[in-house]
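Tertiary structure, described
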Amino acid sequence: MEQTYLKKINKASAAECLCHRKIRLMIIIIVAVGALFDMSSYSVRTYASNGTLHPEHDGGFGIFMILMGALFGAFAVFGIFSDLTNRQLSDVQMSLPMSAKDRYLSKILAVVKIHLIPLCLACASVVLVRMIVDPSLVNLEFLLRMNFIPISAAICVDAVCIFCMSCCGAKAEGVYTSIIMGFCISLTPYIFYSEAVVAFSGINSSSFDFEHKFSTFGGMCLMWLAVDDRKAWIYLLLNAAISCLLVFATYFIYRKRDGRNVGVPVVFPIYMELLLFVGLFSLYTMFFVMGESGTGIVLGLIVVLVIRIVAARAKITPKIFLTWLGKYAICFGAFMVIMCAAYFTGGYGYYKLRPRIKSTECLNINVGVRQMGYSNEHEGDFYGNMSDVEYITTLKEKHFDNKFFTDKDSKASYEQASQNYSSILITDEEAEELLQWLSDEIDKNYGLGERNMDDFIDRMFSGDLERRSYTPGTYVDIGIDGSSNERYYYDDLGGYYENTTDYTSYYIDFKVEQDKYEELCEEFGSRLKRSDLREQYDPWETDMSIEHDEGI
Amino acid sequence: MIEIKDVTMTFEKNKGEKENFIALDHVSLSIPDGCIYGFLGSNGAGKSTLMRLLSGVYPVKSGSITIDGESVFDNAHAKGNMFFVNDETVQYSSFTLEDLKKYYSGYYPEFSAEVFDKLIGKLGLPPKKRMSQFSKGMKRQAVVAAALSCRTKYIMLDEAFDGLDPAMRKIIKTMIVDEMMDRNATLIVSSHNVAEINELCDRAMLLHEGHLLFADEIDEIKSGFCKIQIALKDSVITKEQAAAQGIEVMQCSTLGSVAQLIVKGNSQDVIEKLSKLQPVLLEAVPLTLEEIFIYELEARGYGADILKEDK
């Protein structure tokens, strides 16, 4: 029985593929060309000092073409799901001996056959060819990671387009809402998080880890982050899983569709409101972050009115027009409420977030102590003056061991003075203790008590969400920038490396008033001196060969 | 057997419209197995809507439609017994006939490639040419051939013979009848061409503005209407006078002293009733289906405004 059912779905999907041969051919050509170019984009560099292998990706055109192939899934979906927007096709397909479930499954299978299989084969061929050229496990992991990016992006593109097409009864709406929705859900969470939430927290603790989480939906955002970060696997898989979940959820929308909805621009009114809210939220976030709040509000209104007019397809009465304006005002109000909540909760509690050390062995920590001046007159730009630079340098020399600074003669410029870092090797416990102390200092010196509505409105419309100047006078940032140690193994195939911990990189800014600064530096310096610090080392210069005790 | 019971189909109003549009209003109908059923109706009467309900394109929200006891909407099994050909063929433009064959054989397990090839051969259609290069009539022929090849128990053809020349109409009709007779299948055809329905179908129904006006065997329908020519001795009969004899008069016109009445009812009964007026001329002329169609709709004011303006 099951076999018969699968056969039926497979046959129906084959019939769908028959209708969309041209788009399949286009996708095959694009990804095949992309794969051929991409094969030559990979290389493995061997470090002479210790013989370790480091895979790299240098090419642009190949991966660009493959990503274009991922985007072309939109055309496949628009074609395969056109029974939802075309009366004639709807008559044919809905009268075929299939239930909505059968139809949906067969269409999904058709998308897989037309779009995902050619893309996967292209990516697999890149992996295979590169593995023949450079056979090593480290290369395999890198190739798989890199080639899963377009697959993840393709699933995401397909899922968003299927969702949007299922909510629309006219092709035009299906297409442009897919573009808007795809753009918004890929970028907005990341921009909102990295710009608005962090800015309102007053604490700057940036980490790839956090960025990944918020750029999860929209695989291509991960492209540039995934190149060097093994953790990208998690987010790529998560992205694909969320996309699959969306496809599953869309089935419940699809099965509500019938021939009556064909031709209706937007079948479910709530979808239109959701789309406009998501679109406006993205637009506001971008323009408010850029400091162009007025432009954002006006542009948002124009975009909304244009979309409403296009989608209305009916007589527009003054009452309808006023309803649109009212809904626009509600969207703007909702955005302000969300931002207001972010402001009064310190970026939804982000200000209480502290980095954690997950290492079981040792950690490579860079310590920087920085001071920055700030003035509103410079429209949010940071600047430092020489007296600040001299002051901080004096403090550093007084309280910190010279070995913490890689560039000791840095009085010449602000740039150098503000970025004195050095690698030290300390244990987990030492690092934990240091972080705990810093954390306590942040708690002691920083709270949300001074926040008020006037300040919020001023920040929103002055073009400076971060608005550091509300702390009177010059303030100080103290930063810890950490990354995990790397261990190197060798096997029969060659060398590969493995992190002993998850990659962690973080930087904490917190503000203390000028008179507290010296006190902090003194304490910080003495804590570092107390630590049982080992010699600095450079992994590329030191032979860190360790017995191969476990495989990957 | 197809059972349509008290079906009402309403399309929700769009923004700016005042009321919902009622496409079908309490329509009840039985379509027995093995017949050729004609759907007649004015433009926008609801014929295509009824076909879409029958083929599961639209859900039945009020009333019920069953095919061999099963509801159709979202029921793959019930839909497996029927094939719906809508009034357009643009959806097949990118196909060759080979593709069309492959397409439908993927959905209908009973699809007979042999029948398809035979019919295509009979019609002289080129199997390797894209259908976008076909004329409207050729596309229609191809789709009808596909419909017959799927070997379903029920076939529904919306505006089936649209675009076909008279010779080809005859060939297609013969082809359909032969195929249907062989399998004792049921054919439902909608057309504006009443003469065609008259010629092809053994049953028919008439829809107007969503209301079912009549549905029966064509002979029964015809026998239910007649044209009476009557002349009285010293006056011209009026509609009221005829109605007073218990006759349902749909239309009354006079030419000199001779009146022509279009009446509902058996001609023998009508003549019997009118004989009481002792006419000097009284004769009944049978109506064609086309005349019944026109008089029924005219009686309901269809096209009356336009005709008045013309006059």
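For the structure itself, consult the block above.
Since the structure is predicted, the reported quantities are computational estimates derived from the model, not experimental observations.

**Topic: the nonpolar core**
Within the largest apolar cluster, 195 residues are counted, with the highest numbers of intra-cluster contacts made by A:Val77, B:Met156 and B:Val189. A total of 20 residues in this core trace back to one element, the largest contributor, which is helix H7 (residues 137–167) of chain A. Setting aside residues up to four positions removed in sequence, A:Val77 forms contacts with A:Val111, A:Asp158, A:Cys161, A:Ile162 and A:Met165.

**Some remarks on unusual backbone geometry**
All names here are of chain B. Of note, His26 is a non-glycine position whose phi angle comes to about 50 degrees, a positive value. In this structure, His26 sits in strand S2 (residues 21–31). Using a count of 14 C-beta atoms within 10 Å as the deciding quantity, one classes His26 as partly exposed. With a phi close to 50 degrees, Glu209 is a non-glycine residue in the positive phi region. Of note, Glu209 is situated in the loop between strand S9 (203–208) and strand S10 (211–217).

**Here we look at the interface of chain A and chain B**
Taken together, the 27 residues of chain A in the interface contact 27 residues of chain B. When the residues that make up the side of chain A that touches chain B are grouped by side-chain class, the tally is 15 nonpolar, six polar and six charged.

**Overview of the pairing of strand S3 (residues 36–41) of chain B**
Residues and elements named next belong to chain B. In terms of burial, S3 is a largely internal element, six of the six residues being buried. The two faces of S3 match: Ile36, Gly38 and Leu40 on one face and Tyr37, Phe39 and Gly41 on the other face are all buried. Bridge analysis of S3 against S9 gives five bridges, and the strand direction is parallel. Following the sheet pairing, Gly41 is matched in S9 by Leu207.

**What about the packing of helix H6 (residues 100–133) of chain A against H7(A)?**
Residue and element names in this part refer to chain A. Contact geometry for H6 and H7: axes closest at 10 Å, N-to-C directions at 165 degrees. Relative to H7, the element H6 lies roughly antiparallel. Between H6 and H7 lies a crossing of right-handed hand. Listed contacts from H7 to Val111, His115, Leu116, Leu119, Cys120, Cys123, Val126, Val127, Arg130 and Met131 of H6 are Asn139, Leu140, Leu143, Leu144, Asn147, Pro150, Ile151, Ala154 and Asp158. Across the contact of H6 with H7, the residue classes break down as 14 nonpolar, three polar and two charged.

**Remarks on the environment of B:Gly63**
Residues and elements named next belong to chain B. In this fold, Gly63 is placed in strand S4 (residues 62–67). With 16 C-beta atoms counted inside 10 Å, the residue Gly63 sits in the partly exposed group. C-alpha separation for the pair Gly63 and Lys136, spaced 73 residues apart in sequence, amounts to 36 Å. Non-local contacts of Gly63, meaning those with residues more than four positions away in its chain, are made with Lys5, Asp6, Val7 and Thr8.

**What to know about helix H5 (residues 136–149) of chain B**
Residues and elements named next belong to chain B. Over its 14 residues, H5 runs 20 Å from end to end, which matches the ideal 20 Å to within 8%, given 1.5 Å per residue. Most of H5 is tucked away: twelve of the 14 residues are buried. Buried residues in H5 make contact with strand S6 (82–85), helix H3 (97–107), helix H4 (113–123), strand S7 (154–158) and helix H6 (166–183). Immediately beyond the C-terminal end of H5, within one or two residues, lies Arg151, with a positive phi of roughly 55 degrees.

**Remarks on the sheet that holds strand S1 (residues 2–11) of chain B**
Sheet architecture is open: four strands sit in the order S2-S1-S4-S5 (chain B), paired in antiparallel fashion. Each edge of the sheet is formed by a strand with only one pairing partner; in this case those strands are S2 and strand S5 (70–71) of chain B.

Calculation notes
Residues numbered from 1 in each chain as written. Chains lettered and ligands numbered in written order. Predicted model: local features only at pLDDT ≥ 70, side-chain atom pairs only at ≥ 80, totals over all residues. Core = buried A, V, L, I, M, F, W, Y, C linked by C-beta atoms within 7 Å. Buried ≥ 20, exposed ≤ 12 C-beta atoms within 10 Å, placed from the backbone. Helix = DSSP H or I, 4+ residues; strand = E, 2+ residues; numbered from the N terminus. Contact = placed C-beta atoms within 7 Å. Nonpolar A, V, L, I, M, F, W, Y, C, P; charged D, E, K, R; others polar. Pairing = 2+ DSSP bridges. Axes fitted to C-alpha atoms, helices over the stretch in contact; angles between N-to-C directions. Parallel < 35°, antiparallel > 145°, perpendicular 65-115°, else oblique. Left-handed = near helix turned anticlockwise from the far one by under 90°. Expected span 1.5 Å × (residues − 1).

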